[in-house]
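If you want the building blocks of each chain, they are given just below.
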Amino acid sequence: MKRIFITGATRGLGLEMVRQYAQQEHVHIFATYRDEHHAHALQSLADQYAPHIDLLPLDVADEQSIQHIIHHIENKTNGLDILINNAAINPKDDTQSIGNLSMDGFLQVLRVNTVAPALIVQTLLPLLKKGNQPRIINISSDMGSIEHRSYGGYHAYCTSKAALNMISRGLAADLAPYHIIVISLDPGWVQTDMGGQNAPLTPHESIAGMIKVVDGLTMRQSGSYINYRGKTLPW
Ligand SMILES: NC(=O)c1ccc[n+]([C@@H]2O[C@H](COP(=O)([O-])OP(=O)(O)OC[C@H]3O[C@@H](n4cnc5c(N)ncnc54)[C@H](OP(=O)(O)O)[C@@H]3O)[C@@H](O)[C@H]2O)c1
């Protein structure tokens, strides 16, 4: 049985990841939502694949909410095999351009995209240590690559993903003694609310690629920054 935990599963890539993992055999998925009134698509999937999907409330910006998730999972199982830190924000308004930056706006992006994934790993570590070939997947972005940063704007988002990459790398070292793999994974540019409709990839294509990469990971790849096709990205 492969036990998978996915944050931000109400729409976009998180929802598609739940859908595709649910089609595999011998999986149990813990999928999180922030607001049950906006989780209808996820609820339909949970109904369709019952009892293989459990839904959990989680606002990753709220430390207490993060601390509660372990109790939900422990009611069902004593270990976790895959943790996918997927939830993120990339404000579309002008608040990320120079001239409009604010302390609160910038910090909110860091809180959700960078600090929350680290705290979620910290909280779920006891379960990951008891997992079968456990792996932590921090969903990053090509926009977190410093080497590829030849464009401006999106300051909070790009910074948050570059910092998330740093966390992945440090955690890979922290958790190597427990044989827990940690990577930063770029889904490509995908047609979601965040990616917009001009993106070249569908969620189905991106997630199919990412699942193949995740399922094929070896300890040797821990600490790497790769995309949905398994290609290594420059930091
Ligand atoms: N789409 C792309 O082209 C692209 C490219 C590179 C990287 N990525 C990365 O891929 C991941 C998924 O992106 P996406 O395109 O699927 O984005 P999306 O369509 O905007 O979906 C974001 C998800 O994150 C959840 N979320 C946001 N803030 C949250 C919070 N405070 N607590 C809990 N959940 C929260 C949302 O929940 P609600 O429904 O409750 O808002 C939603 O389920 C992100 O890490 C993103 O940075 C995406």
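Coordinates for the structure precede this section.
Summarised in this report is the structure supplied together with it. Treat the numbers as computed from the prediction; the structure is a model and nothing was measured.

1. Examining the overall build of the chain
(1) Moving on: Along the backbone of the chain there are six helices and seven strands.
(2) Moving on: Traced from its N-terminal end to its C-terminal end, the chain shows the element sequence β-α-β-α-β-α-β-α-β-α-β-α-β.
(3) Moving on: The principal-axis extent of the C-alpha atoms belonging to the chain is close to 50 × 40 × 35 Å.
(4) Moving on: Scored against the burial criterion, the 235 residues of the chain give a buried share of 42%.
(5) Moving on: Sequence separation of at least 24 residues holds for 70% of the intrachain contacts in the chain that already meet a minimum separation of 6.

2. Comments concerning the sheet that holds strand E5 (residues 135-139)
(1) Moving on: Across the sheet, which stays open at both edges, the seven strands sit in the order E3-E2-E1-E4-E5-E6-E7 with parallel pairing between neighbours. Pairing within the sheet leaves two strands with one partner each, and these edge strands are strand E3 (53-57) and strand E7 (225-227). Sheet twist, expressed as the mean angle between neighbouring strand axes with direction ignored, is 20°.
(2) Moving on: As judged from the five bridges shared by strand E1 (residues 2-6) and strand E2 (residues 27-33), these two strands associate in the parallel manner. Across the sheet, residue Ile4 finds its bridge partner in E2, namely Ile29.
(3) Moving on: Of the strands in this sheet, E1, strand E4 (82-85) and E5 are in contact with helix H4 (residues 103-129), which crosses E4 at around 170°.

3. Regarding the pairing of E4
(1) Moving on: Here E4 shows no split at all, with Ile82 and Ile84 on one side and Leu83 and Asn85 on the other all buried.
(2) Moving on: Two strands pair when backbone bridges link them, and E1 and E4 are joined in this way by three bridges, in the parallel orientation. Of the residues in E4, the one forming a bridge with Ile6 is Ile84.
(3) Moving on: Relative to E5, E4 is paired through four bridges, and the arrangement is parallel. Following the sheet pairing, Leu83 is matched in E5 by Ile136.
(4) Moving on: Each parallel crossover has a hand, and the one from E4 via H4 to E5 is right-handed.

4. Some words on the environment of Ser145
(1) Moving on: Along the chain, the position of Ser145 falls in the loop between E5 and helix H5 (155-175).
(2) Moving on: Since 19 C-beta atoms lie within 10 Å of it, Ser145 is described here as partly exposed.
(3) Moving on: When the C-alpha positions of Ser145 and Ile6 are compared, they lie 23 Å apart, and in sequence the two are 139 residues distant.
(4) Moving on: Among residues more than four places away in sequence, those in contact with Ser145 are Leu233, Pro234 and Trp235.

5. Let's talk about helix H6 (residues 203-215)
(1) Moving on: Between its first and last C-alpha, H6 extends 18 Å over 13 residues, near the 18 Å set by a 1.5 Å rise per residue.
(2) Moving on: Inspection of H6 places Pro203, Ser206, Ile207, Met210 and Val214 among the buried residues, and these make up the whole buried set. Projected onto a plane normal to the axis of H6, the buried residues spread over an arc of 90° and lie on a single side.

6. So, the site of the ligand
(1) Moving on: Within the structure, the ligand sits among 30 residues, and Gly8, Gly12, Ala88, Thr192 and Gly195 are positioned closest to it.
(2) Moving on: The element contributing the most residues to the shell around the ligand is helix H1 (residues 12-22), with three residues.
(3) Moving on: For the shell around the ligand, the residue count by class is 14 nonpolar, 10 polar and six charged.

7. Examining unusual backbone geometry
(1) Moving on: Put simply, Ala50 and Pro51 share a cis peptide bond, and its omega is 5°.
(2) Moving on: Examined against the element boundaries, Pro51 turns out to sit in the loop between helix H2 (40-48) and E3.
(3) Moving on: At Gln133, a residue that is not glycine, the phi angle is positive and equals roughly 45°.
(4) Moving on: Within the secondary structure layout, Gln133 lies in the loop between H4 and E5.
(5) Moving on: Residue Gln133 is classed as partly exposed on the basis of its 14 C-beta neighbours within 10 Å.
(6) Moving on: In the Ramachandran plot, Tyr154 falls in the positive-phi region, its phi being about 45° despite a non-glycine side chain.

8. Concerning the nonpolar core
(1) Moving on: Grouped together as the largest cluster of nonpolar side chains are 61 residues, with contacts concentrated most on Val18, Leu42 and Leu83.
(2) Moving on: With nine residues, the single largest contributor to this core is H4.
(3) Moving on: Each residue touching Val18, except ones within four places of it in the same chain, is listed here: Ile6, Ala9, Ile29, Ala31, Leu42, Leu45 and Ile53.

About the thresholds
Residues numbered from 1 in each chain as written. Predicted model: local features only at pLDDT ≥ 70, side-chain atom pairs only at ≥ 80, totals over all residues. Helix = DSSP H or I, 4+ residues; strand = E, 2+ residues; numbered from the N terminus. Buried ≥ 20, exposed ≤ 12 C-beta atoms within 10 Å, placed from the backbone. Contact = placed C-beta atoms within 7 Å. Pairing = 2+ DSSP bridges. Axes fitted to C-alpha atoms, helices over the stretch in contact; angles between N-to-C directions. Right-handed = clockwise from strand over helix to strand, strands pointing away. Expected span 1.5 Å × (residues − 1). Arc of directions from axis to C-beta. Near = placed C-beta within 6 Å. Nonpolar A, V, L, I, M, F, W, Y, C, P; charged D, E, K, R; others polar. Core = buried A, V, L, I, M, F, W, Y, C linked by C-beta atoms within 7 Å.

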